[in-house]
Amino acid sequence: MEWSDVRIFLAIARTGTLGAAARLLHLSHPTIGRRLRALEEATGQVLFQRTAEGFVLTEEGTAILPLAEQMEDSALTMERRLAGEQQQLEGTLRVSSADWFGAYVLPPVIAEYAREYPHVGIEVLTGTRLFNLAQREADIAFRIVPFEGPDIVQRRLTQMRYGVYVGHASADPVEGDGTGNRLIAMDTSTGSFPDIEWLKNRFPNAGVVLQSNNRNVQAQMCGIGLGIAVLPRPVGDQVGTIRRLDLSEGPPSREIWMGYHRDLRRLHRLRAFVDIVIRHLAD
């Protein structure tokens, strides 16, 4: 059984449809279907039950799933090890971070890196999804929580300060009260945010008017006067339509962590990027 066939088997098992598997692997829908039929004919087994909801593993498919995942782990380890031995400062570097970090913190880092290493292409992947470093969905990632797993080389970069902001035309809210004001908050469905809890406690009589998982959206809504927002200082201090409040106590800060898979620690284009990040951002 070839690794390319195993990748298709795993993609269908994980997504449940041929179309989703095709998008995941950047292949065409007919190609996925044809390769699956060829795999089942070669093994003499029906690996998936076709249902109205999608593709469901049969007993035979379920039995080989752990073996396919082991094969994937080995293939990805080989890929990472080979990539980690590359000496040339060329190729592509994939960087993952939250939207606001990619938009307001990383640009000076990326600009310097692009000037010094013009033969390396840079992909910046932002959002709330945590890209998998072991599967090389990203080469390096920045997060507000430490990384999990023994194979990740990580470093606490800095303590990120936060501030409280209102639109330029908005009146200052009464600290400890908040009556007549509204709050712009983080969508907490993905976890807890100490700065948002702090904001609600600081202005207990202000109701939440908007929740968003995007700090850029929060800043723009704050700028049109929709409400009070707590934002990372690199965001709030660079948005021209809002101003930071001078309060008796500031919101809690958050740690910024940088991590990459240990198999890539000798990848020169990654090491060069890490060095620039440390110069710009490390405490």
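Check the entry above for the structure.
Presented here is a report on the structure given in the accompanying data block. The structure presented is a predicted model; accordingly, all values stated were derived computationally and were not measured.

Moving on: the sheet that holds strand E5 (residues 140–143). Within the open sheet, the 5 strands sit side by side as E4-E3-E5-E12-E6. Their pairing is mixed. Two strands bound the open sheet, and with one partner strand each, they are strand E4 (120–126) and strand E6 (152–160). Strand-to-strand twist of the sheet, defined as the mean angle between neighbouring strand axes without regard to direction, takes the value 20°. Sheet topology note: the strand E3 (residues 91–97)/E5 ladder contains 2 bridges and is parallel. For Ser96, the partnering residue across the bridge sits in E5 and is Ala141. Against the sheet, helix H6 (residues 107–116) touches E3 and E4, its axis set at about 165° to E4.

Right, let's talk about the nonpolar core for a bit. Core analysis: the biggest nonpolar cluster contains 52 residues, and Phe101, Ile140, Phe142, Val164 and Phe273 have the highest contact counts within it. Broken down by element, the residue count for this core peaks at 7 residues, all from helix H10 (residues 268–281). Two domains each put at least three residues into this core: domain 2 (91–159 + 255–281) and domain 3 (162–252). The contacts of Phe142, once residues within four sequence positions are left out, are Val95, Ser96, Ser97, Ala98, Phe101, Leu106, Leu157, Trp257, Met258, Phe273 and Val277.

Here the focus is the packing of H6 against H10. Interhelical geometry of H6 versus H10 gives an angle of 135° and a closest axis separation of 10 Å. The angle between the axes of H6 and H10 places the two elements in the oblique class. Handedness of the crossing formed by H6 with H10: right-handed. Where H6 approaches H10, its residues Pro108, Val109, Ile110, Glu112, Tyr113 and Glu116 are matched on the opposing element by Arg269, Ala272, Phe273, Ile276, Val277, Arg279, His280 and Leu281. Taken together, the residues of the contact of H6 with H10 sort by class into 9 nonpolar, 1 polar and 4 charged.

The subject of this paragraph is the packing of aromatic side chains. Per the counting criterion, the structure on display carries 6 aromatic pairs. Judged by centre distance (5.5 Å) and plane angle (50°), the rings of Phe9 and Phe48 are tilted. Placement of Phe9 in helix H1 (residues 3–15) and of Phe48 in strand E1 (residues 48–51) is noted, with a sequence separation of 39 residues between them. Comparing Phe9 with Phe48 shows no difference in burial state: the two are buried. With centroids separated by 6.1 Å and ring planes inclined at 70°, the aromatic side chains of Phe48 and Phe55 adopt a geometry described as edge-to-face. Judged by relative accessible area, Phe55 falls into the buried class, the value being 18%. Through successive ring pairs, a cluster of aromatic residues spans Phe9, Phe48 and Phe55.

Basis of the calculations
Residue numbers here run from 1 along each chain, matching the order of that chain's written sequence. Confidence filtering applies because this is a predicted model: local features only for residues at pLDDT of at least 70, side-chain atom pairs given and counted only at 80 or more, and all residues used for totals across whole chains, interfaces and linings. The basis for every side-chain value is the complete set of non-hydrogen atoms in the structure, without hydrogens or water. Only strands joined by at least two bridges in the DSSP assignment are considered to pair. Think of it this way: any DSSP run of H or I at least four residues long counts as a helix, any run of E at least two long counts as a strand, and we number them from the N terminus. Interaxial angle, 0 to 180 degrees, is taken between N-to-C directions of lines fitted to C-alpha atoms, where a helix line uses only the stretch in contact. Contact between two residues is taken to exist if any of their heavy atoms lie within 4.5 Å; hydrogens are not considered. The criterion is simple. A nonpolar core is a set of buried Ala, Val, Leu, Ile, Met, Phe, Trp, Tyr and Cys residues joined through side-chain atoms within 4.5 Å. For every residue, the accessible area (1.4 Å probe, protein chains only) is compared with the maximum for its type, and the residue is labelled buried under 20%, exposed over 50%, or partly exposed between those bounds. Residue ranges labeled as domains rest on an automatic or database domain assignment. Throughout this description, any angle smaller than 35 degrees is read as roughly parallel, any larger than 145 degrees as roughly antiparallel, any in the 65 to 115 degree range as roughly perpendicular, and the remainder as oblique. Note: crossing handedness is left-handed where the near helix turns anticlockwise from the far helix by less than a right angle, and right-handed where it turns clockwise. When residues are grouped by polarity, Ala, Val, Leu, Ile, Met, Phe, Trp, Tyr, Cys and Pro land in nonpolar, Asp, Glu, Lys and Arg in charged, and all others, Gly among them, in polar. Note on aromatic pairs: the rings of Phe, Tyr and Trp (six-membered ring only in Trp) are paired at centre separations within 6.5 Å, and the planes decide the class, stacked below 30 degrees, edge-to-face beyond 60, tilted for the rest.

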